[in-house]
Amino acid sequence: MRDTRELDEAVNRLADRLRAAPQSQLRQGAAAEGLALARELAALAQRLEGAPEVRVMPDAGVFAVGDQLAVAVQPRSGPSCSTKTSPTTAT
């Protein structure tokens, strides 16, 4: 597995900037560019994971694009993930 810390940090810095950006800046194209990058990163991750079909990240609006970008670089979990969860017991 490749070390992606630098990419993760750079994308998260950009996501933070988009979250803090004023609405006018987001509407002037920052949100569209951020969404395009989030979609590209998500599609790349899906292809690397061997997804049979690449799903397109939806447009959740200008105020969500920072979060969408951050999600696009987060580690994936699923059936192929080696993490195990222990069952919780009710007390």
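Described in the following lines is the structure provided in the data block. (Residues numbered from 1 in each chain as written. Predicted model: local features only at pLDDT ≥ 70, side-chain atom pairs only at ≥ 80, totals over all residues. Heavy atoms only, no water.)

## Description of helix α2 (residues 23-48)
Part 1 of the argument: The sharpest bend along α2 comes to roughly 60 degrees, located at Gly-29.
Part 2 of the argument: Residues Leu-26, Ala-31, Gly-34, Leu-35, Ala-38, Leu-41, Ala-42, Ala-43, Ala-45 and Gln-46 constitute the buried set of α2.
Part 3 of the argument: Buried positions along α2 lie against α1 (5-20) and α3 (65-72). (Bend = angle between axes of the 7 residues up to and from the residue. Helix = DSSP H or I, 4+ residues; strand = E, 2+ residues; numbered from the N terminus. Buried < 20%, exposed > 50% of the residue type's maximum accessible area, 1.4 Å probe, protein only. Contact = heavy atoms within 4.5 Å.)

## Thoughts on the side chain of Gln-68
Part 1 of the argument: With respect to the element layout, Gln-68 can be found in helix α3.
Part 2 of the argument: Not counting residues within four places of it along the chain, the set of residues in contact with Gln-68 comprises Leu-35, Ala-38, Met-57, Pro-58 and Ala-60.

## Thoughts on the environment of Ala-42
Part 1 of the argument: Secondary-structure assignment places Ala-42 in helix α2.
Part 2 of the argument: C-alpha of Ala-42 to C-alpha of Met-57: the two residues are 15 residues apart in sequence and 7.2 Å apart in space.

## Here we look at the nonpolar core
Part 1 of the argument: Counting 17 residues, the largest nonpolar core has Leu-26, Leu-41, Val-65, Leu-69 and Ala-72 as the members making the most contacts within it.
Part 2 of the argument: Secondary structure elements with two or more residues in this core: α1, α2 and α3.
Part 3 of the argument: It is α2 that provides the largest number of residues to this core, a total of six residues.
Part 4 of the argument: In contact with Val-65, other than residues within four places in its own chain, are Leu-18, Leu-26, Ala-31, Gly-34 and Leu-35. (Core = buried A, V, L, I, M, F, W, Y, C linked by side-chain atoms within 4.5 Å.)

## Details of the packing of α2 against α3
Part 1 of the argument: Axis separation between α2 and α3 bottoms out at 8 Å; the angle between their running directions is 20 degrees. Regarding the angle of α2 to α3, the classification is roughly parallel. Classified by chirality, the crossing of α3 by α2 is left-handed. Here Leu-26, Ala-31, Gly-34, Leu-35, Leu-37, Ala-38, Leu-41 and Ala-42 of α2 come into contact with α3, specifically with Val-65, Gln-68, Leu-69 and Ala-72. (Axes fitted to C-alpha atoms, helices over the stretch in contact; angles between N-to-C directions. Parallel < 35°, antiparallel > 145°, perpendicular 65-115°, else oblique. Left-handed = near helix turned anticlockwise from the far one by under 90°.)

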